[in-house]
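Spelled out, the chains give:
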Amino acid sequence: MFGFGQMFPEMGRNFQTTYRCYSVTMLGDREDVERGGKIIMPPSALDQLTRLNIQYPMLFKLTNKKSNRDSHCGVLEFVADEGRIYIPYWMMQNLLLDEGGLVQIENVSLSVATFAKFQPQSVDFLDITNPKAVLENGLRNFACLTKTDVIAIKYNDKVYELCVLETKPGNAVSIIECDMNVDFAAPVGYKEPDYKQQQHQDIEEDSDIVDSADDLAEAFRAFSGQGNRLDGKLKGTQSCPSRLENEGIRRGIPNYNYKIGTITFIRTQRPINNGTDNDDINTDFEAFSGQGQSLRKKGRK
C-alpha cells in the first residue's frame, strides 16, 4: 500500500517571484509606507501566499541580483498593480535600485531580535533629548532589520538616517513583538572634545582673574573719597588718601605658652608722676584704693 505522502506529494512552501520595483511616491501621499520598513504587493501575491500556507508574520527577502544587494521587509498592503511592488525610497537606495528595476522576492523566516546597534549618519541626532524613545517609536513601522542597511526615521519633521551596524542573533532579525536591547555608536563626523585643552584654557582664565584682582587691590586706597558737609561749605572736605605700606603694618605676637582650657589675664604697670622731679618712681597698681564719698551727710549729735 502506498502512503498519502506518495500519492499527493507535498507542494513547495516557498514564495519566490520577480517584480518591477517603484518608490512609494508613485502612489501619492503615503508617508505611512515611506517612514517604515514594509512594502506594498499586488493582490495575486496574497492569493499565492495563502495557498502556500506560509508562516506568519509574512517576512520577505528582497534581492537585487545586478548589484548583489539584499534587504528584508514586511508587507503592509496587497493593492499594487500586477507585476509591481512599491517600497520606501531608503530601501531602494540600499538595494541600488532605479525606478522600474527588477527585484526578486522570497518569503523567509527570521529569528526574533535580541540586540541591535545603530550609528547615526549625522551629528544632528545628538540634539534629540531621548534618542532611544524616538528610535523605539520609529521602529514600530518596521518588521525586520538587516545588517548594513541604512534606515530612515522621521522626527519633528526631520529625517534621521541610521546605519544598522550589528544585529543579534543573526544578520537579519524580526523585531515584531520583541524585547530588544539597543546601543548607539558615535555619529558620523563626531569628534571627541579635547578636555586637556579646555582645562588649560580654564586655568588661563583663572590666572587672568587673579591678576585683575591683584591690580584692583594695589589701586585701592583707604578713605580716599571726598567728604561733604551738612552746611554745604567746602572747607576741609578734601581728604588726604592714606597710603598703605606693607612695612608699616604691625602684627601681634602670639602667646606660644598658651594652653588649651586656660585664660590668661595680663596686668601691666603704668608710670604715675607724683609731682617730684624723679619720674622714674613707679607705684604698684592697687585695686579699690580710692576714697569713698557718701551722698548723705551724717547728722549732728
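Here the structure is shown first, and the text comes after it.
Residues numbered from 1 in each chain as written. Predicted model: local features only at pLDDT ≥ 70, side-chain atom pairs only at ≥ 80, totals over all residues. Heavy atoms only, no water.

## Side note on empty space enclosed by the protein
What the rule picks out here adds up to one cavity of 30 Å³ or more. Here the largest cavity defines a volume of roughly 40 Å³. Taken together, Gly37, Ser71, His72, Trp90, Phe142, Cys144, Leu145, Thr146, Asp149 and Ile151 make up the full set of residues lining the largest cavity. Among the elements that make up the lining of the largest cavity, the one with the highest residue count is strand 9 (residues 144-146) (three residues). Class assignment for the residues of the lining of the largest cavity results in five nonpolar, four polar and one charged. (1 Å grid on protein atoms, 1.4 Å probe; cavity = no way out; pocket = protein on both sides within 12 Å on 5 of 7 lines; lining within 4 Å. Points joined across faces, edges and corners; volume = space filled by probe spheres on them. Helix = DSSP H or I, 4+ residues; strand = E, 2+ residues; numbered from the N terminus. Nonpolar A, V, L, I, M, F, W, Y, C, P; charged D, E, K, R; others polar.)

## Here we look at the layout of surface pockets
Approximately 260 Å³ is the volume attributed to the largest pocket. Taken together, Lys132, Leu135, Glu136, Leu139, Arg140, Phe142, Ile175, Cys178, Met180 and Val182 make up the full set of residues lining the largest pocket. The biggest single contributor to the lining of the largest pocket is helix 5 (residues 131-138), with three residues. Split by residue class, the lining of the largest pocket holds seven nonpolar, no polar and three charged.

## Considerations on the sheet that holds strand 9
One open sheet accounts for three strands, arranged 7-12-9; its pairing is mixed. The sheet is open, and its two borders are formed by strand 7 (111-112) and strand 9, each paired with just one other strand. Here strand 7 pairs with strand 12 (residues 172-174) via two bridges, running parallel. From the neighbouring strand, Ser111 faces strand 12, where its bridge partner is Val173. (Pairing = 2+ DSSP bridges.)

## Let's talk about the nonpolar core
Soluble globular proteins tend to pack their nonpolar side chains together in the buried interior. Membership of the largest hydrophobic core comes to 43 residues, with the highest contact counts inside it found for Met41 and Ile151. Of all the elements, helix 4 (residues 89-95) adds the most residues to this core, at four residues. Filtering out sequence-adjacent residues up to four positions away, Met41 remains in contact with Phe15, Tyr19, Phe60, Val75, Glu77, Phe78, Val79, Ala80, Ile85 and Ile105. (Core = buried A, V, L, I, M, F, W, Y, C linked by side-chain atoms within 4.5 Å. Buried < 20%, exposed > 50% of the residue type's maximum accessible area, 1.4 Å probe, protein only. Contact = heavy atoms within 4.5 Å.)

## Focus on the side chain of Asn94
Relative to the helices and strands, Asn94 is located in helix 4. For Asn94, the side chain forms a polar contact with the main-chain oxygen of Val150, separated by 3.3 Å. (Polar contact = N/O pair within 3.5 Å; in protein donor to acceptor, adjacent residues only side chain to side chain.)

## Quick notes on the pattern of salt bridges
Enumeration according to the criterion identifies three salt bridges in this entry. Between Lys158 and Asp124 there is a salt bridge, with the nearest N and O atoms lying 3.1 Å from each other. Here Lys158, found in strand 11 (residues 158-168), pairs with Asp124, found in the loop between strand 8 (115-120) and helix 5; they are 34 residues apart in sequence, far enough to count as distant. Overall, Lys158 belongs to the partly exposed group, its relative accessible area being 34%. Accessibility expressed as a relative area gives 30% for Asp124, which makes it partly exposed. With a shortest N-O distance of 3.9 Å, Lys168 and Glu166 are connected by a salt bridge. (Salt bridge = Lys/Arg side-chain N within 4 Å of Asp/Glu carboxyl O.)

## Concerning the state of the cysteines
Scanning the model with the defined rule gives zero disulfides in all. Of all cysteine sulfurs, the one in Cys73 lies closest to Cys144, which takes part in no disulfide; the gap is 6.1 Å. You can call Cys144 buried: its relative accessible area is 4%. (Disulfide = S-S within 2.5 Å.)

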